[in-house]
Amino acid sequence: MVKLKNSKKSLWKSENMHRALLENLPQKIFLIDKNLVFVSCNKSFAQDKKISPEEISGKTYYNFCSKKMAEKYRADDRRIIKSGKTEEIE
């Protein structure tokens, strides 16, 4: 029982450390699901979209940009998801 409690505490500390790191990076970071719907984002991404990070869930690119740009971003994301490789996209 003590080992489980210590493991949970270590996991909680690690998660909080990673969350703090992501929240304070100047890079715009977001998480989308397999349907290309936003799940979460950091403060930098949310500020760029003029919303709070809590408001991102359930939104798509269509909520933030033109149809043409939304389709481009969606194509980029599909390609990245399919390949499993990271890309830096301006």
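Conventions and cut-offs
- Residues numbered from 1 in each chain as written.
- Predicted model: local features only at pLDDT ≥ 70, side-chain atom pairs only at ≥ 80, totals over all residues.
- Heavy atoms only, no water.
- pLDDT = per-residue confidence, 0-100.
- Helix = DSSP H or I, 4+ residues; strand = E, 2+ residues; numbered from the N terminus.
- Core = buried A, V, L, I, M, F, W, Y, C linked by side-chain atoms within 4.5 Å.
- Buried < 20%, exposed > 50% of the residue type's maximum accessible area, 1.4 Å probe, protein only.
- Contact = heavy atoms within 4.5 Å.
- Pairing = 2+ DSSP bridges.

### Describing the confidence of the model for the chain
With 96% of its residues at a pLDDT of 70 or more, the chain shows a mean pLDDT of 88. Predicted confidence in the chain is weakest over helix H1 (residues 2-24), with a mean pLDDT of 77, and strongest over strand S2 (residues 38-41), with 95.

### Overview of the nonpolar core
Among the nonpolar cores identified, the biggest contains ten residues, and these are Ile-32, Leu-36, Phe-38, Cys-41, Phe-45, Ala-46, Ile-51, Ile-56, Tyr-61 and Ala-70. Looking at this core, the elements with two or more residues in it are S2 and helix H2 (43-48). Beyond its immediate stretch of four places on either side in the chain, Phe-38 contacts Phe-30, Leu-31, Ile-32, Phe-45, Ile-56, Ser-57, Gly-58, Lys-59, Thr-60, Tyr-61 and Phe-64.

### As for the pairing of S2
As paired elements, strand S1 (residues 30-32) and S2 share three bridges and run antiparallel to each other. Along S2, the bridge assignment pairs Leu-31 with Ser-40. Hairpin connection from S1 to S2: five residues lie between these consecutive antiparallel strands, with Leu-36 at a positive phi of about 65 degrees.

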